[in-house]
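Residue strings, one per chain:
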Amino acid sequence: MTITPQKMSAAISADTCANMLDKTIWANEFTWNQLEVLSRYFEPYSIKNGGILFEEGDLGGTMSILTKGKIEIQKNNKALTILQTSRSFGEMSLIDNGRRSATAIALEDSEFISMDRHNFDRLSKEHSSLALIFILKITQLLSQRLRQTSSQLTELLD
């Protein structure tokens, strides 16, 4: 039986979502007021241990930030990394709306907040300067990951 993410209660306020975001490394880039605004564009989810957030090849369009728990990222059924609280995933999917490049599985009961392409587009229209800061943060993270991957590949080739 596949366990999939469940949207957390609609009663969760933007303040609660902002507090979830504030406990991540993402908070370093934003003021509290900006976090409150950003939180209105995220949806909170939970997933049980062993649940599959998405599978390699699934349609994308959503990025998430892990606020509690651990998520394993797999490619071809091989573990690539284990994400700890505060890490983001799915950024490429948000940017290019492409298919998922890997599978994400909860290693323990976990919570995360997600922004889909629709909400990102709304953020861009309603708060363009904040959306720019947000996309620059995503770009920095993707750049860091590409540098790490290039370094690892170089080591393997040597």
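Data block above holds the structure.
Residues numbered from 1 in each chain as written. Predicted model: local features only at pLDDT ≥ 70, side-chain atom pairs only at ≥ 80, totals over all residues. Heavy atoms only, no water.

Check the secondary structure of the chain and you find 5 helices and 9 strands. Its C-alpha atoms give the chain a radius of gyration of 16 Å, near enough to 15 Å, the size a compact globule of 158 residues would have. By its C-alpha atoms, the chain is 45 × 35 × 25 Å across when sized along the principal axes. Buried positions account for 38% of the 158 residues belonging to the chain. Long-range pairs, those at least 24 residues apart, make up 75% of the contacts in the chain between residues at least 6 apart in sequence. (Helix = DSSP H or I, 4+ residues; strand = E, 2+ residues; numbered from the N terminus. Rg over C-alpha atoms; globule rule 2.2 N^0.38 Å. Buried < 20%, exposed > 50% of the residue type's maximum accessible area, 1.4 Å probe, protein only. Contact = heavy atoms within 4.5 Å.)

Glancing now at helix α5 (residues 128-157). The end-to-end C-alpha distance of α5, which contains 30 residues, comes to 43 Å, matching closely the 44 Å that a straight helix rising 1.5 Å per residue would cover. Residues Leu130, Ala131, Phe134, Lys137, Ile138 and Leu141 constitute the buried set of α5. Looking at the buried side of α5, the elements it contacts are α2 (32-39), β4 (62-68), β7 (88-89), α3 (91-96), β9 (110-116) and α4 (117-126). (Expected span 1.5 Å × (residues − 1).)

With that out of the way, let us pick up unusual backbone geometry. You will see that asparagine 77, though not glycine, has its phi angle at about 65 degrees, which is positive. Of note, asparagine 77 is situated in the loop between β5 (71-75) and β6 (78-83). Residues other than glycine seldom take positive phi values, yet asparagine 97 does so here, at roughly 60 degrees.

Glancing now at the packing of helix α1 (residues 14-22) against α2. The geometry of α1 relative to α2 is characterised by a closest axis approach of 8 Å and an angle of 120 degrees between their N-to-C directions. Here α1 lies oblique to α2, going by the angle between them. Note that α1 runs across α2; the crossing there is right-handed. From α1, Ala14, Asp15, Cys17, Ala18, Asn19, Leu21 and Asp22 reach across to α2, where they touch Trp32, Leu35, Glu36, Leu38 and Ser39. (Axes fitted to C-alpha atoms, helices over the stretch in contact; angles between N-to-C directions. Parallel < 35°, antiparallel > 145°, perpendicular 65-115°, else oblique. Left-handed = near helix turned anticlockwise from the far one by under 90°.)

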